[in-house]
Amino acid sequence: MATLAKVQDLKQSLSKEHHTLTHFVEHALASIENLVEEHREYNAAQALYGEKIKGSEVTVFRETVAKVKEALLQTLEKTAEDLNHKGDKHWSSHFKDGVE
């Protein structure tokens, strides 16, 4: 499932008062995408000026970005679970310091 689609699904599972969490994640993902686009443009400019682009470095960058996005999404999922199970004495919270 695409990242933004997953965020939208999580948004539906949260109460209206907690929708700002998903807005934050959407904005953070948009910022990451802007960074990726800037990196792509920088590499393109470097290539135009004759600079050799190392494919391995580009691969590491893309893998790192993917891991950051996944970590952000996993944190949102855990937060949503904790919020949805608030008050459930049988639930073991992901975040011991709370989510509120």
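Here the residue index of a chain counts from 1 through its sequence in written order. Note on the predicted model: pLDDT of at least 70 is required for a residue's local features to be given, and 80 or more for side-chain atom pairs to be given and counted; whole-chain, interface and lining totals, by contrast, use all residues. Where side-chain values are given, they derive from all heavy atoms of the structure, hydrogens and water being excluded.

Enquirer: It is not clear to me how the overall build of the chain should be interpreted in this structure. Could you clarify?
Expert: The helix and strand tally for the chain stands at three helices and zero strands. Starting at the N terminus, the α and β elements of the chain follow one another as α-α-α. For the chain, the C-alpha radius of gyration of 18 Å lies well beyond 13 Å, the compact-globule estimate for 100 residues. On the principal axes, the C-alpha backbone points of the chain span a range of 60 × 25 × 25 Å. A simple rule labels every residue: compare its accessible area, found with a 1.4 Å probe on the protein chains alone, to the largest value its type can have, and call it buried under 20%, exposed over 50%, or partly exposed in between. Within the chain, the fraction of its 100 residues that count as buried is 21%. Residue contacts are defined here by distance: any two heavy atoms, one from each residue, within 4.5 Å place the two residues in contact. Across the chain, every contact between residues at least 6 apart in sequence was considered, and the portion connecting residues at least 24 apart equals 51%. All accessible areas in this document rest on Shrake-Rupley with a 1.4 Å probe, and a residue is counted as covered only by the protein chains that are shown. Surface exposure of the chain reaches about 7500 Å², of which carbon and sulfur atoms provide 55%. Going along the chain from the N terminus, every DSSP run of H or I of four or more residues is numbered as a helix, and every run of E of two or more is numbered as a strand. In this setup the radius of gyration rests on C-alpha atoms only. A globule is expected at 2.2 Å times the number of residues raised to 0.38.

Enquirer: Explain the pattern of salt bridges to me, please; I cannot follow it from the model alone.
Expert: Pairs can form between side chains of opposite charge whenever their charged atoms are close. The salt bridge definition used is simple: a Lys or Arg side-chain nitrogen within 4 Å of an Asp or Glu carboxyl oxygen. In the structure shown here, the tally under the stated rule is four salt bridges. Across the salt bridge formed by Lys69 and Glu33, the nearest N and O atoms sit 2.1 Å from each other. In this pair, Lys69 sits in helix H3 (residues 55-84) while Glu33 sits in helix H2 (residues 19-48), placing the two residues 36 residues apart along the sequence.

Enquirer: Would you take a moment to explain the packing of H2 against H3 for this structure?
Expert: When two helices pack together, their arrangement is given by the angle between the helix axes and the distance between those axes. Throughout, an axis means a line fitted to C-alpha atoms (over the contacting stretch in the case of helices), and angles, computed between N-to-C directions, take values from 0 to 180 degrees. One way to put it is that H2 packs onto H3 with a least axis distance of 11 Å and a crossing angle of 180°. Considering their axes alone, H2 and H3 lie roughly antiparallel with respect to each other. Contacts between H2 and H3 involve Leu21, Thr22, Val25, Ala28, Leu29, Ile32, Glu33, Leu35, Val36, His39 and Asn43 on the former and, on the latter, Val58, Phe61, Val65, Val68, Lys69, Leu72, Leu76, Thr79 and Leu83. All amino acids are sorted into three groups, where Ala, Val, Leu, Ile, Met, Phe, Trp, Tyr, Cys and Pro are nonpolar, Asp, Glu, Lys and Arg are charged, and the leftover types, Gly among them, are polar. Partitioned by chemical class, the residues of the contact of H2 with H3 number 14 nonpolar, four polar and two charged. Roughly parallel covers angles under 35 degrees, roughly antiparallel covers those over 145, roughly perpendicular covers 65 to 115, and oblique covers all other angles.

Enquirer: What am I meant to see in the nonpolar core here?
Expert: Buried together is how nonpolar side chains tend to be arranged in soluble globular proteins. Only buried residues count toward a nonpolar core, which is a set of Ala, Val, Leu, Ile, Met, Phe, Trp, Tyr and Cys residues joined through side-chain atoms within 4.5 Å. Val7, Leu10, Leu14, Val25, Leu29, Leu73, Leu76, Ala80 and Leu83 form the largest nonpolar core, which has nine residues in total. Elements supplying a minimum of two residues to this core: helix H1 (3-13), H2 and H3. The leading source of residues in this core is H3, at four residues.

Enquirer: Mind showing me how you'd approach the side chain of Glu26 here?
Expert: Among the structural elements, Glu26 can be located in helix H2. The charge count treats Lys and Arg as positive and Asp and Glu as negative. His and the chain ends do not count. Buried charge without a salt bridge: Glu26, with Lys11 as the nearest opposite-charge side chain at an N-O distance of 4.8 Å. Contacts of Glu26, omitting those with residues within four sequence positions, involve Leu4, Val7 and Gln8.

Enquirer: Explain the packing of H1 against H2 to me, please; I cannot follow it from the model alone.
Expert: One can describe the packing of H1 onto H2 by two numbers: an axis separation of 9 Å at closest approach and a directional angle of 170°. By the angle between their directions, the pair H1 and H2 is classed as roughly antiparallel. The residues of H2 that touch H1, namely those facing Thr3, Leu4, Val7, Gln8, Leu10 and Lys11, are His19, Thr22, His23, Val25, Glu26 and Leu29. The residue makeup of the contact of H1 with H2, split by class, is five nonpolar, five polar and two charged.

Any functional reading would require information that these geometric values do not contain.
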